[in-house]
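# Fold and geometry: a report
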Amino acid sequence: MVVFQVSRVQTKPFDGQKPGTSGLRKKVKVFTQPHYLHNFVQSTFYALGDDKVRGATLVVSGDGRYFSKDAIQIIIKMAAANGVRRIWVGQNGLLSTPAVSAVIRERVAADGSKANGAFILTASHNPGGPHEDFGIKYNMENGGPAPESVTDKIYQNTTTIKEYLIAEGLPDVDISTVGVTTFSGPEGQFDVDVFDSTSEYVKLMKSIFDFGSIQKLLASPNFTFCYDALHGVAGVYAKRIFVEELGAKESSLLNCVPKEDFGGGHPDPNLTYAKELVARMGLGKTNESDPPEFGAAADGDADRNMVLGKRFFVTPSDSVAIIAANAVEAIPYFSGGLKGVARSMPTSAALDVVAKHLNLKFFEVPTGWKFFGNLMDAGMCSVCGEESFGTGSDHIREKDGIWAVLAWLSILAYKNKDNLGGGKLVTVEDIVRQHWAKYGRHYYTRYDYENVDAGGAKDLMAHLVKLQSSLSEVNGIIKGIRPDVSNVVNADEFEYKDPVDGSISKHQGIRYLFEDGSRLVFRLSGTGSEGATIRVYIEQYEKDPSKTGRDSQDALAPLVEVAIKLSKMAEFTGRSAPTVIT
Ligand code: G6P
Ligand code: ZN
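This is a predicted model, so every value here is computed, not measured.

Our next topic: the overall build of the protein chain. A tally of regular secondary structure across the protein chain gives 19 helices and 27 strands. Relative to the globule expectation of 25 Å for 582 residues, the C-alpha radius of gyration of the protein chain, 24 Å, shows essentially globular dimensions. In terms of overall dimensions, the protein chain has a C-alpha envelope of 75 × 60 × 45 Å along the principal axes. Within the protein chain, the fraction of its 582 residues that count as buried is 53%. Considering only contacts in the protein chain between residues 6 or more positions apart, those separated by 24 or more positions represent 74%.

Turning to helix H6 (residues 148-158), a few remarks are in order. An α-helix turns once per 3.6 residues; consequently, residues spaced three or four apart project the same way. For H6, every residue scored as buried is listed here: Thr151, Ile154 and Thr158. For H6, the angular spread of the buried residues around the axis is 55°, confining them to a single face. On its buried side, H6 packs onto helix H2 (36-48).

It is at 10 Å that the axes of helix H11 (residues 316-330) and helix H14 (residues 401-415) come closest, and there the two elements cross at 55°. Taken together, the axes of H11 and H14 lie oblique to each other. The way H11 lies across H14 gives a crossing that is left-handed. Contact residues: Ser319, Ile323, Asn326, Glu329 and Ala330 in H11; Ala404, Ala407, Ser410, Ile411 and Tyr414 in H14. Classifying every residue of the contact of H11 with H14 by side-chain character gives 6 nonpolar, 3 polar and 1 charged.

The next subject is the site of ligand 1. In the vicinity of ligand 1 there are 14 residues, among which Trp369, Ser388, Ser525, Gly526 and Thr527 approach most closely. Residue composition of the shell around ligand 1, grouped by class: 1 nonpolar, 11 polar and 2 charged.

Cut-offs and rules
Residues numbered from 1 in each chain as written. Chains lettered and ligands numbered in written order. Predicted model: local features only at pLDDT ≥ 70, side-chain atom pairs only at ≥ 80, totals over all residues. Helix = DSSP H or I, 4+ residues; strand = E, 2+ residues; numbered from the N terminus. Rg over C-alpha atoms; globule rule 2.2 N^0.38 Å. Buried ≥ 20, exposed ≤ 12 C-beta atoms within 10 Å, placed from the backbone. Contact = placed C-beta atoms within 7 Å. Arc of directions from axis to C-beta. Axes fitted to C-alpha atoms, helices over the stretch in contact; angles between N-to-C directions. Parallel < 35°, antiparallel > 145°, perpendicular 65-115°, else oblique. Left-handed = near helix turned anticlockwise from the far one by under 90°. Nonpolar A, V, L, I, M, F, W, Y, C, P; charged D, E, K, R; others polar. Near = placed C-beta within 6 Å.

Encoded structure:
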């Protein structure tokens, strides 16, 4: 057995190691500076405290982006030196973010131990490669992202760190082969357990959904399916679940081989970046003659999803509302009823209407999945979602891209149980239109201004906050821009008191609420790695079933104009158009 020693390495703090919405994200060249990753990892161990680290079982893996393999070896050596008992690594260092959450909650070591937490190596939907982004975040023993109390401590530690611990004499571990390697350190045995990236996750999915009914749907000659992993880690799960378990054709998978640089693309499942899928589904510029009935995509770490029908886009805000409305009938896991539902503040109010109709507990939380986690741990929420292409449930404590696809396939299988084998199907578009007819439609769009000057972005937000002190002035300005837009009746910065732990989160987005139920929301992104990204969320509710079929950009044009002019977007950012519209 290889024996290692502990070495203490002198170091100095780096500026800017403050974790954002989902961990620390920086360019690879920042992470590869000597000691940079080490400082952050050691600061995390200090934040967790000796009793949570010594003897612990920790998961280390991620979406496979560039620098992951080096980072895994560094973290293994530092964990060994800090007295961790064992490290679990997905084969080739690959685990989707939802699979990490599932592994923390479900996997059991031979001696009965479960994982205490995980380092997830991902920058989610940001591009990867030597000149792009890397990221690291810590998840706790409930399987969810570390709360602010922990990430604040980590950050504090990064500002004072003087040394870190690393194992000397511990060779790089082969993470390409499943199996356990055992080492011996000053505190005893240390194991690195490389395991199949999919087994726990697949087992969990099978316990939630009726795979038999989805199989029948996928086998039906009138149903066609397509999935794009954008070269992220979702490909590993898509192959295993959609093809091997559910019988989809191999040719229905696009970009399902994980790549360190995501094939040079931007692994974000939206209408701008998932170009190939969008074209195949008949939503691109070229005229696809017979698009599949159902298409979906995931982001780099497979927690996000985009759902498409034939020539039809489902907004994430509608998606969660539709899943919630159909979950009890279509998904066995929910057959006993929903405990409650939740959405992030900028997500449209489509879910609110379903919650009201079904008499469900409902929560509006700030952006960031951790807020849902608290509600779920307290048994208050079953299904939740965000406009940012995140949908999920209390089966884990992360959003879950593959789960969302299985949820949609379950709903399609349920609605079509009598139509399989031929004939006319109830399509994705039918399901959405029927939903609008019943609950009304929330026209919705988001404008992103990426990588703008941080100072300009701050000034824009300050301008919007200042305006809120006089609604009559705001309404005067709006009438000057678009007299056909209704009055603002309320304007504030969203603040949230967590009903479980009582913690208060302030400044969670600037809201303008209109008399007719429309909303404008402005937020700075918490997930970028350079400059600032301004997000503008635009929403309008239409109850009249005869008016729910309009093109959404047309329907929202007046509000969009108000948003851009009221915020003085061009003046503050120099941008005449957004980078991305979703
Ligand atoms: C991550 C989080 C999501 C959140 C999103 C917001 O994906 O997991 O919960 O909605 O970031 O990103 P933003 O860039 O808008 O801060
Ligand atoms: Zn992600």
